[in-house]
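Letter by letter, the chains look like this.
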Amino acid sequence: MSSFDQVSRRAKKLEAEGQIGEAIKLYEEFLQKFPKNSRAKAVRDELLRRNKSASMRAAQESFQTAKALFDRGEFAKGIAIAERIVTEVPESAEAWNFLGAAYFRSQNQVEAERCLRKALEIDKKLIPAWTNIGTLFHAQNRLDQALVAFQNASFLEPENGGFYNSIGGILISMGRLEEAEQFCARAIKYAPNLPNAYSNLAIVFYHRSKLDLAKKAYEKALQLEPQNFAAFGEYFYIRAKLCDWSEVAIELPDTSPVGEPGNSMSPFSMLPYEDDPFAQRKRSEVRARELQVPNRFPAFQPPSARPKKLKIGYFSADFHNHATMSLMMGVLGAHNKDRFEIHAYSYGGVKEGWRRAQFQEKVEKCWDVHGAADEEIVKHAREQGIDIAIDLKGYTDQGRTRLFAHRIAPVQISYLGYPGTLGAGFIDYMIADRSVIPDQYRDAYSEKLIYMPHCYQPNDADRRFEASHQSREDLGLPERGFVFCAFNGCYKISPREFEIWMRLLDKVDGSVLWLLGGSEDAVSNLRKEAELAGIDPGRLIFADLVPEEQHLARQAHADLFLDTFNVNAHTTASDALWAGLPILTLPGKQFAARVAASILKAANLPELIAKDEAEYEEIALDLALNPEKARALKVKVQEQLQTCPLFDTKSYTIALEAGFEAAYGHYLNGVAPEDIDLSSSV
């Protein structure tokens, strides 16, 4: 049997040859036989320390090499190095955390979670692992788990403003706004120069209807980070909501900002500011790149024949008393249930209201997936065998377009909610018509188009409302005088049309402008603009928000609806016509600026589509100065309600289903998506 001295001599020789691991093994074997030998323990422990230190130095060098590869986008090479690191130092929580972060950057979320959990199993106090796994959970919409992860990080480092900001962002996603505001304030306390803390605070203020405070918070964020395109987009949108047309306090970094993935300008926020469908496509394409996800689901294989029933999945947060449901209710009820099975995936937080109860009766399957992670929803929809998935939200508030990046169904369609291209390769088709997308703007849309015969917009011919029992006086309107009406959201109003409206008030004695009430600041700003134009601010009458039936009924007291330009009336245009109120529009270039023209053509009222601003003003003035013409026009609107294509829900639904059939037919026959023109069938 070898003595300690003999083992020591052999170990030192191995150590001199660089075989420290083999030297440690010799001491380990000796200690198994002589566990109380203090000299062997001391030498073994010193070798372990030196070996670990050397391993960590080598690992650190490997970390830097791997990081450089990741920064160059060479993820596979970087991950190979990171995998070697955890093999060499398997008990290093830092190594597992690094590998988890690497997998996350390469969009392999399954492996990322496995590695990050391993890091935390080794060391529950490793703060970077908590923040990384929290970020992963947040990206997957696993909000409860994300919240716990960042709370754990904040317990370990209680003065880290970034952690409180992340908690605030998660609480915003959960709709817990009061708590979110507290955490955003705490984030600013510990990190007063953190731009995103002010952006999150602005989001809280916005959702709590504190628009002026939201604007100021975004200004602070932009002062700290002038290149923050995401904040710029929201800042502009809030200014539009406030009707704040004063000089922009923050200088734009670019005259036509787009940004880059991770810092893109909201396509929706810029609709009121710029009527340029090609610029909108660029913004949407950048936003779509942010939504890319790894392909974790198997590719769809076409069946040998069309299923007996095509399963249509509508995805939205708006299955309640919302404008989308006002338009869609008739179609949902008119779908041919012998050929189509209708599924509704509701991911919104609002689960009550008379429309929700009504819509649940019209669809075969209503799935409440609020709070579910993206992959859970996609997996469920695939298990249900959805054939055509329809995004009813797009890039609007609460939209979850990333769901479609996973491929919910073999055919995916953008419809109704967002008036523009999504710029995403994973969206195959978009429902449109030749008025909203004429040939000269076709290339501004990445999707293949399903051209509806008349108007892309559905309507519910079964909507009913009682005649108004209110007088003009009850509504704050003058007993006599022409009532110009503009029941669009305040964010759609710009100085361009407002100047025309003020000239009309100036030229038509006793006339008033009836507007939808916005925030107190928006009302105040519009009154100030009227006064600057030489018009008594009292001639601007602001209507309260009331239930849909009352809103439809009260429009009988208006004489002419004046449309906004860059973003037209959409649902409100159809509402006005359904209530018997003529609407005057001026079509622009982008989808959002051409909706009312499409609606008026389908309502057989092309005379209310102006060719330029001068004609827009001329038509409005002629109707206001010649009341008999205005009355005759109202009669014509009422007559057209019964016969025009706009409110023929049954024919519209048949055409829509024909579009679905054609799109699915392309897939079934192995044909790539291509434009589908249903207008030729009229």
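First, a word on what this report is: a plain description of the structure on this page. (Residues numbered from 1 in each chain as written. Predicted model: local features only at pLDDT ≥ 70, side-chain atom pairs only at ≥ 80, totals over all residues. Heavy atoms only, no water.)

Once that is clear, we can look at the packing of helix α6 (residues 109–122) against helix α7 (residues 127–139). For the pair α6 and α7, the least separation of the axes is 10 Å and the interaxial angle reads 150°. With respect to their mutual orientation, α6 and α7 come out roughly antiparallel. Along this stretch, α6 crosses α7, giving a crossing that reads as left-handed. Of the residues in α7, those touching α6 at Gln109, Ala112, Glu113, Leu116, Arg117, Ala119 and Leu120 are Ala129, Trp130, Asn132, Ile133, Leu136 and Phe137. For the contact of α6 with α7, the class distribution of residues is nine nonpolar, two polar and two charged. (Axes fitted to C-alpha atoms, helices over the stretch in contact; angles between N-to-C directions. Helix = DSSP H or I, 4+ residues; strand = E, 2+ residues; numbered from the N terminus. Parallel < 35°, antiparallel > 145°, perpendicular 65-115°, else oblique. Left-handed = near helix turned anticlockwise from the far one by under 90°. Contact = heavy atoms within 4.5 Å. Nonpolar A, V, L, I, M, F, W, Y, C, P; charged D, E, K, R; others polar.)

Right, let's get into the sheet that holds strand β4 (residues 340–346). Within the open sheet, the eight strands sit side by side as β5-β4-β3-β6-β7-β8-β9-β15. Their pairing is parallel. Looking at which strands have only one partner, the edges of the open sheet turn out to be β5 (365–368) and β15 (676–677). Bridge count between strand β8 (residues 429–432) and strand β9 (residues 448–451): four bridges; the pairing is parallel. Bridge pairing in β9 links alanine 432 to tyrosine 451. (Pairing = 2+ DSSP bridges.)

What follows is about empty space enclosed by the protein. Following the criterion strictly, the structure yields two cavities of 30 Å³ or more and no others. Along the walls of the largest cavity sit 13 residues, with Pro277, Gln280, Pro419, Gly420 and Thr421 positioned nearest its centre. A class-by-class count of the residues in the lining of the largest cavity yields eight nonpolar, five polar and no charged. Along the lines of polarity and charge, the residues of the lining of the second largest cavity split into seven nonpolar, one polar and no charged. (1 Å grid on protein atoms, 1.4 Å probe; cavity = no way out; pocket = protein on both sides within 12 Å on 5 of 7 lines; lining within 4 Å. Points joined across faces, edges and corners; volume = space filled by probe spheres on them.)

The next point concerns the pattern of salt bridges. Following the criterion strictly, the structure yields 34 salt bridges and no others. Aspartate 244 is paired through a salt bridge with arginine 239; the nearest N and O atoms lie 3.5 Å apart. No difference in accessibility class separates aspartate 244 from arginine 239, as the two residues are buried. Across the pair arginine 463 and glutamate 548 runs a salt bridge, and its minimum N-O distance is 3.1 Å. Highlighted residues: arginine 463 in the loop between β9 and β10 (483–486) and glutamate 548 in helix α21 (residues 548–554), separated in sequence by 85 residues. Given a relative accessible area of 6%, arginine 463 falls into the buried group. Among the ionic contacts, a cluster of salt bridges with common partners joins Glu178, Glu181, Arg208 and Lys210. (Salt bridge = Lys/Arg side-chain N within 4 Å of Asp/Glu carboxyl O. Buried < 20%, exposed > 50% of the residue type's maximum accessible area, 1.4 Å probe, protein only.)

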